[in-house]
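If you want the building blocks of each chain, they are given just below.
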Amino acid sequence: MPGVTTPDDVLAEGPAAEDGKDYKADGPSRHTDVLAAEYFRTNWGVKDKAFKRLKDVRTVGGYLRIYTDLPESADNSLTAIKLCERGLAYLHEQGVQNPVVFVHSEFGENGNPVLANILGPSDRSCRVTYPNPR
């Protein structure tokens, strides 16, 4: 898939502290998936409430990771679910057969926790269900 980083660029688990300031994923970086970022910008734009929360989009090891400024308590929130669904739509448009999407909170004590996700073709909802979010 063009415009995608390779697993050697960033660990599949997300940004690593060795990446310097990029490890917080709080804005575009050398790891940003430019095609995905453009997809979000052109389809929803800066006036969209959910888009305003997006800080970075990275494709790592075949996984789309959407980093936001949402708090860790926003798991399964409307905004997190909406961004996950949009990420899924992007991957479908790119022809990805087994889409995996993670929407992450802002960087904090626990890194960038997952707020919403799609874990493959059998996952029917962006809701985080395992482990139970609370």
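Higher on the page you've got the structure.
The model shown is predicted, which means the values in this text are computed figures rather than measured ones. (Residues numbered from 1 in each chain as written. Predicted model: local features only at pLDDT ≥ 70, side-chain atom pairs only at ≥ 80, totals over all residues. Heavy atoms only, no water.)

**Student:** Outline a positive patch on the surface, listing residues and values.
**Tutor:** Judged by side-chain charge, Lys47, Lys49, Lys52 and Lys82 come together as a positively charged surface patch. Relative to the helices and strands, Lys49 is located in helix α2 (residues 49-53). Assessed through its relative accessible area of 72%, Lys49 is described here as exposed. (Patch = residues over 30% accessible without salt bridge, like charges linked within 9 Å, V, L, I, M, F, W, Y side chains within 5 Å. Areas by Shrake-Rupley, 256 points an atom, 1.4 Å probe, with all protein chains shown as cover. Salt bridge = Lys/Arg side-chain N within 4 Å of Asp/Glu carboxyl O. Lys, Arg positive; Asp, Glu negative; His and termini not counted. Charge placed at Lys NZ, Arg CZ, Asp CG, Glu CD. Helix = DSSP H or I, 4+ residues; strand = E, 2+ residues; numbered from the N terminus. Buried < 20%, exposed > 50% of the residue type's maximum accessible area, 1.4 Å probe, protein only.)

**Student:** A description of the packing of aromatic side chains should follow, citing residues and the corresponding values.
**Tutor:** Throughout the structure, instances matching the rule amount to five aromatic pairs. Taking 5.8 Å as the distance between ring centres and 50 degrees as the angle between the ring planes, the aromatic pair formed by Phe40 and Trp44 counts as tilted. Placement of the pair is Phe40 and Trp44 together in helix α1 (residues 34-44), with a separation of four residues, close to one helical turn. With centroids separated by 5.7 Å and ring planes inclined at 70 degrees, the aromatic side chains of Tyr63 and Phe102 adopt a geometry described as edge-to-face. Here Tyr63 is found in strand β2 (residues 63-68), whereas its partner Phe102 is found in strand β3 (residues 101-104), with 39 residues between them in sequence. Since its relative accessible area comes to 31%, Tyr63 is described here as partly exposed. Members of the aromatic cluster, connected to one another through ring pairs, are Tyr39, Phe40, Trp44 and Tyr90. Taking the ring centre of Tyr67 as reference, the NZ or CZ of Arg58 above it sits at 5.4 Å. (Phe/Tyr/Trp six-rings, centres within 6.5 Å; stacked < 30°, edge-to-face > 60°. Lys NZ or Arg CZ within 6 Å of the ring centre and 35° of its normal.)

**Student:** Give a description of the sheet that holds strand β4 (residues 114-118) that names residues and reports values.
**Tutor:** Strand order in the open sheet made by the four strands is β1-β2-β3-β4, with mixed pairing throughout. Strands at the two margins of the open sheet, each flanked by one partner only, are β1 (54-60) and β4. Across the sheet, the axes of successive neighbouring strands diverge by a mean angle of 15 degrees, strand direction being ignored. Direction of pairing for β2 relative to β3: parallel, over a ladder of four bridges. Paired with Ile66 across the two strands is Val103, which belongs to β3. (Pairing = 2+ DSSP bridges. Axes fitted to C-alpha atoms, helices over the stretch in contact; angles between N-to-C directions.)

**Student:** I'd like a rundown of the environment of Val57, residues and numbers included.
**Tutor:** Within the secondary structure, Val57 is located in strand β1. Along the primary structure Val57 and Gly87 are separated by 30 residues, whereas in three dimensions their C-alpha atoms are 9.2 Å apart. Apart from the residues within four sequence positions on either side, Val57 is in contact with His31, Thr32, Asp33, Ala36, Ala37, Phe40, Leu64 and Arg65. (Contact = heavy atoms within 4.5 Å.)

**Student:** Pulling in residues and values, what's your account of the nonpolar core?
**Tutor:** Membership of the largest hydrophobic core comes to 24 residues, with the highest contact counts inside it found for Phe40, Leu64, Ile66, Leu83, Cys84, Val101 and Val103. Elements that contribute at least two residues to this core include exactly α1, α2, β1, β2, α3 (78-93), β3 and β4. With seven residues, the top contributor of residues to this core is α3. Look past the residues within four positions of Ile66 in its chain and what remains in contact with it is Phe40, Leu54, Asp56, Leu83, Gly87, Val101, Phe102, Val103 and His104. (Core = buried A, V, L, I, M, F, W, Y, C linked by side-chain atoms within 4.5 Å.)

**Student:** Could you give an account of the pairing of β3, naming the residues involved and the relevant values?
**Tutor:** A two-sided burial pattern is seen for β3, the buried positions comprising Val101 and Val103 on one face and Phe102 and His104 on the other. The handedness of the β2 to β3 crossover, carried by α3, is right-handed. Alignment of β3 against β4, held across four bridges, turns out to be antiparallel. Bridge pairing links Val103 to Ala116 in β4. (Right-handed = clockwise from strand over helix to strand, strands pointing away.)

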